[in-house]
Amino acid sequence: GQVTLFAPTNAAFMAAATTLATLSPAQVRSVLAYHALARRLLSTQLGGDRTTLQGSVLPFTPPATLDDGATVIRADIVTLTGVVHIISAVMTPTPL
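Note that the coordinates shown come from a computational prediction; the quantities given were computed from them, not determined experimentally.

**Notes on the overall build of the protein**
Each helix and strand in the protein was counted, giving 2 helices and 6 strands. In the protein, the succession of α and β elements from N to C terminus is β-α-α-β-β-β-β-β. Here the protein has a C-alpha radius of gyration of 13 Å; the compact-globule value for 96 residues is 12 Å, and the two agree. Considered along the principal axes of its C-alpha atoms, the protein spans approximately 35 × 25 × 25 Å. Classification of the 96 residues of the protein by burial places 33% in the buried group. In the protein, the proportion of contacts linking residues at least 24 apart, taken out of those at least 6 apart, comes to 55%. Element-wise, carbon and sulfur atoms account for 60% of the exposed surface of the protein, whose accessible area totals about 5400 Å². With 5 positive and 4 negative side-chain charges, the protein shows a separation of 11 Å between the mean positions of the two kinds.

**What to know about helix α2 (residues 25-34)**
Because each turn of an α-helix spans 3.6 residues, side chains separated by three or four positions end up pointing in the same direction. Along α2, the residues classified as buried are Ser30, Val31 and Tyr34. Angularly, the buried residues of α2 cover 95 degrees about the axis, an arc narrow enough to put them on a single face. Facing away from the buried side of α2 by over 90 degrees, the exposed positions are Pro25 and Arg29. Looking at the buried side of α2, the elements it contacts are α1 (10-21), β2 (36-37) and β4 (57-60).

**Some thoughts on unusual backbone geometry**
A cis amide bond, omega -10 degrees, links Thr94 with the succeeding residue Pro95. Along the chain, the position of Pro95 falls in the segment after β6 (82-87).

**Thoughts on the environment of Gln27**
By the element assignment, Gln27 lies in helix α2. C-alpha separation for the pair Gln27 and Ser56, spaced 29 residues apart in sequence, amounts to 13 Å. What Gln27 contacts, discounting residues up to four positions off in sequence, is Thr22 and Leu96.

**Points about the pairing of β6**
Burial analysis of β6 places 5 of its 6 residues in the buried class, which makes it a mostly covered element. Where strand β1 (residues 3-8) meets β6, 6 bridges bridge the pair, whose relative direction is parallel. Bridge pairing in β6 links Val3 to Gly82. Both strand β5 (residues 72-79) and β6 contribute to a ladder of 5 bridges, which runs antiparallel.

**Considerations on the side chain of Thr4**
Within the fold, Thr4 resides in strand β1. Here Arg39 takes part through its backbone oxygen, which lies 2.5 Å from a polar atom of the side chain of Thr4. Engagement of the side chain of Thr4 in a polar contact is seen with the backbone nitrogen of Leu41, the distance being 2.7 Å. Contact partners of Thr4, with chain neighbours within four places excluded, come to His35, Ala36, Leu37, Arg39, Arg40, Leu41, Val83 and His85.

Cut-offs and rules
- Residues numbered from 1 in each chain as written.
- Predicted model: local features only at pLDDT ≥ 70, side-chain atom pairs only at ≥ 80, totals over all residues.
- Heavy atoms only, no water.
- Helix = DSSP H or I, 4+ residues; strand = E, 2+ residues; numbered from the N terminus.
- Rg over C-alpha atoms; globule rule 2.2 N^0.38 Å.
- Buried < 20%, exposed > 50% of the residue type's maximum accessible area, 1.4 Å probe, protein only.
- Contact = heavy atoms within 4.5 Å.
- Areas by Shrake-Rupley, 256 points an atom, 1.4 Å probe, with all protein chains shown as cover.
- Lys, Arg positive; Asp, Glu negative; His and termini not counted.
- Charge placed at Lys NZ, Arg CZ, Asp CG, Glu CD.
- Arc of directions from axis to C-beta.
- Pairing = 2+ DSSP bridges.
- Polar contact = N/O pair within 3.5 Å; in protein donor to acceptor, adjacent residues only side chain to side chain.

Structural data, given as structure tokens:
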């Protein structure tokens, strides 16, 4: 099926490296799944709360602010399996 992926920049991963290094494999899977939605949504369709593949609700405030203050810095990269939005930070679900 089609998915929406919120992909952090390399700089975002570097900024979160210390925290990510302390996570268990199950927690890393949870963080990764928190960055994906089970359907294809372009940036014009992103307002409101969306349930992630991890199962938590990801709040989205138009035009481009996600959970944890992450912002969409490049939107609507269409792929064969969905759409990718590049974001400014690694988001962490609560609880992990």
